[in-house]
Amino acid sequence: MIGALAAALIVLILVWQWDWFVPYIDRKATAALHRPVSIAHLHVHLGFKPTITVDDLKIGQPEGFGKEKDDFASARAITVKVDAWRYLTGGGLSMPLIRVDAPKGDIVSLADGTNNYTFPSASDTPSQTASSSTALPKLGKIEINDGDIRVAMAKLKTDMHVLIHTISPKDGDDGHIVIDLEGRYARAPITGHIVGGALLDITDTTHPYPIDGRLANGPTYITLRGTVDDPIHFRGTNLALHFAGPDMALLYPLTGVPIPQTPAYSVTGNLAYSDRAIRFQKFEGHMGSSDIGGDINVNPHQKPIFVDAALHSHSVDLADLGGFIGAQPGAAKKAEPASTRVLPDKTINVPKLNAANVRLTYHGEHIRNKNWPLDNIDTELDIHDGAIDLKHLTFATGTGTISANATLEPTKNEQFHTRFRLEVSRLPLSRIMTSKDMFQGEGTIGGHVTLTSTGNSVASLVENGNGGTTLVLNRGGDVTALLPDLLGLKLGSAILSALGIPDRSKLECLVADLPLKNGIVHTDAMLLQTGTTRTSGTGTVNFHKDTLDYAVTTRSIGPQILSLPGAVHIFGPINSPTILPGAELIGRVAASVGLGIVFPPAALIPTIQLGVGKGSACEKAILEANEHPAAGIAPGATTGSGPSSIPHPNHPEAEKRTKASHHRLSPAEVSKAWEKKSNPK
């Protein structure tokens, strides 16, 4: 009996094949992975450290991915050596060797979001919960030869191969893992070469894990070099990260952080992370002709991700920041088709507002741009759930400031409900006119602009908007140098000529109080006073049609001869309006010609106007703007280098001046005054 049993055992050993377990392994693996699994052969070499090898492993695609030409995963061979004696004696699981030959993978995500790499999760059981806290096995040498993993993500417009292999230890090091990328990522070609330490070192908490890599995605270039402390548990990093490319907006597919268009850039900083945030710290570099630096913290655990950016520049060209307001940034602007609109009608380009919540602060110490008479820039901006809250955008210029705040809330059809306010305080006119050689003199501008509207461009916001502009300019220098520049050389010169304002006249005061109602600008007050004349205006500007219908009238401040007062009408398209004299002016010219035939000296009579007098006109206009400002904000003391000289509307002196300014001379009083002027005693 014993002999027969021994003989049977010997026969079993002689004919034993581990492949007998292959069908059983295939069934169990298929049921566990919910994918067809097969192996061609199973080899086991027994001993205190048995070695197990499976040949020709294939894991098929899950249901719904049958059209994929490759298996979900495969390998020519997988070998694992196990320290059985250590495990049996209570020392835990140890694998001195793991070797994978020619592993391949096919990772796919379709446009509808379904993918082939999500595995059904079984409900937790007490045994599973207990096993989840089991310590990781002790690993030894890990080898990967000729790995090739395809990654295809339809939503990311990505189809690339990740090539992996390990390099055996030599010259005293622990070996390396090498990863190469090739294919397309976010529609752009991608190449990459990353060298890390040995795979085994990833689990070593006592030594930093080295990384040295470079990546090119289209024109964007990235390098990363340094070490990671305990990468499995995110203990810390000492990594230098460098970005360079033609436009920071192209970083979005790589980082998940939406950034507006920028000119070419190159920045380098320290990359750090923890279990709560990824940090790009103390980075410095340039963007266009501006320097840029600061800190960016990203919390990827929030949905959407939260980005906190504190940025600064020592010297900034505002043209480089054009992308943040929807313009083409930098000096090399793309040619765009000419627009017939007076105001910019390009759609506001605010990138992927729902992709992230953002808090941004930025300070530029020095603005370097001859076209902008500004000293520095300071801003704070929040984006939350797609809504923009510009808390402030402030520029210092000489003794004054320009400050704006706005909110943009997304509505349907990619429109924004917008509330905007701009405040100009003690702005030196000389700073605006620094590039104008003709301008000489000093002046100060103060005022406010408000706008409430819905739209997606500057043009649509104005034509749909309500609000207004209140502007005061004290002592503006040479009006013939100022107004042609502000209104356009051709238009400004034509208006001045039609009004009969003398050359080189000194601008004493300009007041404009212009409410905006449903895209049409009205006139509550418009006054321009020179040393010798006072011009008032009334009319509308229609931004739906880009037309204007305006009348301006000039009167001399004192009695003058050869002065032809009256209205000048300005109407038609804003870009090329028609300028015609009004009926009063035409009538006075005709009367002058007619009377000159009968009695030449009498021709002077119609040209003589009794001046409206110096004193209260400019103050009256400012008082009216204080009482009923179009922008909803009184200009107050925003002009001048000191306290406002204009009394408060409720002040007794203001009331006195207001009453005086409302008094109109009767014909008899005009004649009496002229007679007194003509026959002084």
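The rules behind each value
Residues numbered from 1 in each chain as written. Predicted model: local features only at pLDDT ≥ 70, side-chain atom pairs only at ≥ 80, totals over all residues. Heavy atoms only, no water. Helix = DSSP H or I, 4+ residues; strand = E, 2+ residues; numbered from the N terminus. Buried < 20%, exposed > 50% of the residue type's maximum accessible area, 1.4 Å probe, protein only. Contact = heavy atoms within 4.5 Å. Areas by Shrake-Rupley, 256 points an atom, 1.4 Å probe, with all protein chains shown as cover. Pairing = 2+ DSSP bridges. Salt bridge = Lys/Arg side-chain N within 4 Å of Asp/Glu carboxyl O. Patch = residues over 30% accessible without salt bridge, like charges linked within 9 Å, V, L, I, M, F, W, Y side chains within 5 Å. Expected span 1.5 Å × (residues − 1). Core = buried A, V, L, I, M, F, W, Y, C linked by side-chain atoms within 4.5 Å. Phe/Tyr/Trp six-rings, centres within 6.5 Å; stacked < 30°, edge-to-face > 60°. pLDDT = per-residue confidence, 0-100.

Q: Could you give me a rundown of the overall build of the chain, with the residues and numbers involved?
A: Helix and strand content of the chain: 13 helices and 32 strands. Every one of the 681 residues in the chain was classed for burial, and the buried ones make up 40%. A separation threshold of at least 6 residues defines the contact pool for the chain, and within that pool the share at least 24 residues apart is 48%. Carbon together with sulfur atoms contributes 60% to the accessible area of the chain, which is approximately 37400 Å² in total.

Q: Describe in detail the pairing of strand 12 (residues 209-217), supporting the description with residues and values.
A: Residues in a regular strand project their side chains so that they alternate between the two faces of the sheet. As judged from the seven bridges shared by strand 11 (residues 188-197) and strand 12, these two strands associate in the antiparallel manner. When the bridges of strand 12 are listed, Gly196 appears paired with Ile211. Pairing of strand 12 with strand 13 (residues 220-229), which is carried by nine bridges, proceeds in the antiparallel orientation. Residue pairing in the sheet places Tyr209 in a bridge with Val228 of strand 13. Counted along the chain from strand 12 to the antiparallel partner strand 13, the turn is two residues long, and its residue Gly218 has a positive phi close to 60°.

Q: I'd like to hear about the pairing of strand 24 (residues 444-455), residue by residue, with values.
A: The element strand 24 is extensively covered by neighbouring structure, given that nine of its 12 residues are classed as buried. By the bridge criterion, 11 bridges tie strand 23 (residues 416-428) to strand 24 in an arrangement that is antiparallel. Across the sheet, residue Leu422 finds its bridge partner in strand 24, namely Val449.

Q: Got a sec to walk through unusual backbone geometry? Specific residues and values, please.
A: A cis amide bond links Lys303 to the next residue, Pro304, at an omega of -5°. One can find Pro304 in the loop between strand 17 (290-299) and strand 18 (305-313). The residue Asn518 is not glycine, and still its phi comes out positive at about 50°. With respect to the secondary-structure elements, Asn518 resides in the loop between strand 26 (506-517) and strand 27 (520-521). With a relative accessible area of 51%, Asn518 lands in the exposed category. Although it is not a glycine, Asp546 sits at a positive phi angle of roughly 55°.

Q: Can you break down the pattern of salt bridges residue by residue, with the values?
A: Across all of its chains, the model carries 10 salt bridges by this definition. Notably, a salt bridge pairs Glu68 with Arg150, separated by 3.1 Å at the nearest N-O pair. Taken together, the residues Glu68 in the loop between strand 3 (51-59) and strand 4 (73-81) and Arg150 in strand 8 (residues 147-153) connect sequence positions 82 residues apart. Taken together, the shared-partner salt bridges in this structure form one network comprising Glu68, Asp106, Arg150 and Asp159.

Q: For a nonpolar patch on the surface, give the residues involved together with the corresponding values.
A: On the surface, Trp20, Phe21, Tyr24 and Ile25 cluster together to form a nonpolar patch covering roughly 390 Å² of accessible area. Along the chain, Phe21 falls in the loop between helix 1 (2-15) and helix 2 (22-33).

Q: So what's going on with helix 2? Residues and values would help.
A: In a regular helix each residue adds 1.5 Å, so 12 residues correspond to 16 Å; helix 2 covers 16 Å between its end C-alpha atoms and thus fits that length. One or two steps after helix 2, the chain reaches His34, where phi turns positive at roughly 55°.

Q: Give a detailed account of the nonpolar core, specifying residues and quantitative values.
A: Ranked by internal contacts, the top residues of the largest apolar core, which has 49 residues, are Phe243 and Ile377. With residues up to four places along the chain from it excluded, the contact list for Phe243 reads Tyr221, Ile222, Leu251, Tyr265, Ser266, Val267 and Phe280.

Q: Describe the environment of Thr361, naming the residues involved and giving the relevant values.
A: Here Thr361 shows up in strand 19 (residues 356-364). Between the C-alpha atom of Thr361 and that of Glu380, which follows or precedes it by 19 residues, the distance is 4.4 Å. Non-local contacts of Thr361, meaning those with residues more than four positions away in its chain, are made with Ala309, Ala310, Leu311, Thr379 and Glu380.

Q: Give me the lowdown on the environment of Val195, citing residues and values where you can.
A: With respect to the helices and strands, the residue Val195 is situated in strand 11. The spatial distance from the C-alpha of Val195 to the C-alpha of Asp180 is 8.8 Å, given a sequence separation of 15 residues. Not counting chain neighbours up to four residues away, the residues in contact with Val195 comprise His176, Ile177, Val178, Pro210, Ile211 and Asp212.

Q: Explain the packing of aromatic side chains to me, using residue names and the numbers behind them.
A: Evaluation of the coordinates by the stated rule reveals five aromatic pairs. Between Phe72 and Phe119, the aromatic rings sit 6.0 Å apart at their centres with planes inclined by 75°, giving edge-to-face as the arrangement. Of this pair, Phe72 sits in the loop between strand 3 and strand 4 while Phe119 sits in the loop between strand 6 (104-109) and helix 4 (126-132), and the two are 47 residues apart along the sequence. Relative accessible area serves as the criterion here: at 10%, Phe72 is assigned to the buried category.

Q: How would you sum up the confidence of the model for the chain? Please name residues and give values.
A: Overall, the prediction assigns the chain a mean pLDDT of 76, with 69% of residues at 70 or greater. Taking the mean pLDDT of every element in the chain, the minimum, 41, falls on helix 12 (residues 652-662) and the maximum, 95, on strand 8. Per-residue pLDDT stays below 50 along residues 637-667; that stretch engages in 45 contacts with residues further than four places along the chain or on separate chains.

Q: Go over the side chain of Glu143, please, and point to the residues and values.
A: With respect to the element layout, Glu143 can be found in strand 7 (residues 138-145). The buried category is assigned to Glu143, whose relative accessible area is 15%. Those residues in contact with Glu143 that sit more than four places away from it in its chain are Leu97, Ile98, Arg99, Val100 and Thr166.

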